[in-house]
Structure formats: C-alpha cells, structure tokens
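An overview of the molecular structure
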Amino acid sequence: MISLTLQQALAITHGTFDAGVSQKSAPLTVAILDSGGKLISLQRQDGSSMMRPDIAIAKAWGALALGCSSRKLAQDADNRPAFISAVNVLANGNMVPVPGGLLIKDSEQNVVGAVGVSGDLSDLDENCALKGIQHADLYSDEL
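What comes next is a walk through the structure. (Residues numbered from 1 in each chain as written. Predicted model: local features only at pLDDT ≥ 70, side-chain atom pairs only at ≥ 80, totals over all residues. Heavy atoms only, no water.)

1. Considerations on the packing of aromatic side chains
Two aromatic rings are characterised by how far apart their centres lie and by the angle between their planes. All chains considered together, the criterion is met by zero aromatic pairs. The ring of Phe-83 has Arg-80 lying over it, and the distance from NZ or CZ to the ring centre is 4.4 Å. (Phe/Tyr/Trp six-rings, centres within 6.5 Å; stacked < 30°, edge-to-face > 60°. Lys NZ or Arg CZ within 6 Å of the ring centre and 35° of its normal.)

2. Here's the deal with the sheet that holds strand S2 (residues 39-44)
Read from one edge to the other, the open sheet built from four strands follows the order S2-S1-S4-S3, with strand pairing classed as antiparallel. On the outer flanks of this sheet lie S2 and strand S3 (101-105), each paired with one strand and no other. Across the sheet, the axes of successive neighbouring strands diverge by a mean angle of 15°, strand direction being ignored. Across five bridges, S3 lies against strand S4 (residues 111-118) in antiparallel orientation. (Pairing = 2+ DSSP bridges. Helix = DSSP H or I, 4+ residues; strand = E, 2+ residues; numbered from the N terminus. Axes fitted to C-alpha atoms, helices over the stretch in contact; angles between N-to-C directions.)

3. Section: the packing of helix H1 (residues 6-22) against helix H5 (residues 122-135)
Running from N to C, H1 and H5 point in directions that differ by 135°, and their axes come no closer than 7 Å. Comparing the axis directions of H1 and H5 gives the class oblique. Like other packed secondary-structure pairs, H1 and H5 cross with a definite hand, here right-handed. Residues Ala-11, Ile-12, Gly-15, Thr-16, Ala-19 and Gly-20 of H1 form the contact with H5, whose own contacting residues are Cys-128, Ala-129, Lys-131, Gly-132, Ile-133 and His-135. A class-by-class count of the residues in the contact of H1 with H5 yields six nonpolar, five polar and one charged. (Parallel < 35°, antiparallel > 145°, perpendicular 65-115°, else oblique. Left-handed = near helix turned anticlockwise from the far one by under 90°. Contact = heavy atoms within 4.5 Å. Nonpolar A, V, L, I, M, F, W, Y, C, P; charged D, E, K, R; others polar.)

4. Some words on H5
If you check H5, its first and last C-alpha atoms are 20 Å apart, about what 14 residues at 1.5 Å a residue would give, namely 20 Å. Every buried residue of H5 is accounted for by Leu-124, Asp-125, Glu-126, Cys-128, Ala-129, Leu-130, Gly-132 and Ile-133. In the stretch just after H5, Asp-137 is the one whose phi turns positive, near 60°. (Expected span 1.5 Å × (residues − 1). Buried < 20%, exposed > 50% of the residue type's maximum accessible area, 1.4 Å probe, protein only.)

Rendered as structure tokens:
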C-alpha cells in the first residue's frame, strides 16, 4: 500500500496554512490521513475552535472512504440524501459532506491519503487544501 510520509503530510499542512494566511482565512485546522485512513498529522492554527479537528478529520475520512472529494459528497447529499445519510450512519457519523476534504495522489495517480481542512467557509477550506497538496508536489483530481 502506497502512503504519505510524515514529511509530505507536514509539507501539505504548511502549504495549507500559508494559503490561509495569504487569503486572510479564519484559523484553520488541517488533518492528514494515510491511504489506510489513519491520522498522520493534525495541526491547528492558534485560535482554531474546538470542533475543527473533528470536522477536518471527517472531511478527509469521507473523501478517502468513498474515493472522491468531500465537495462531491456534498453534491451527492443534495442529489441522493438517503444514500449519504445511510453511508454516514454506517460510518458512525465520521463523514462531513461539505467542501474541504480532498484525496491526495502521487505522480502516477495513486491515492496516497487525504487532507481535510476546517476553519473558514468550506470553499476557502478546500482551496487552501489544494494549495497545500500542490506545495508538497502532490496531486488531487479536484477543482
């Protein structure tokens, strides 16, 4: 199983935080999961509220569990609410279907993990996550 290293996870986090600062976001929380869904890194900017770690992890977990961005999960929730509700029950409530969770891929398009960002509006969370992935010279097929 191909997965992220701690150094790659930290690079994604730093790139995400830098993007947040440049876009004047509210304090962000960044969760990075490996390809097996286990937490590699969880970092909170000063002032990030107490639920943000849980939300960031759930955004990343949902993306990894269903193989698509949490934005796509939000679209599915609009189009197929019963399905997403049922999946969230199966996931023990560990999925948040709003933008901010992205799959992380290597240069050969293998999924190596996922990132979840929470703290500002979901669209900005997602944009910062993408910038973080790019900062680490990795890829996502979203946006």
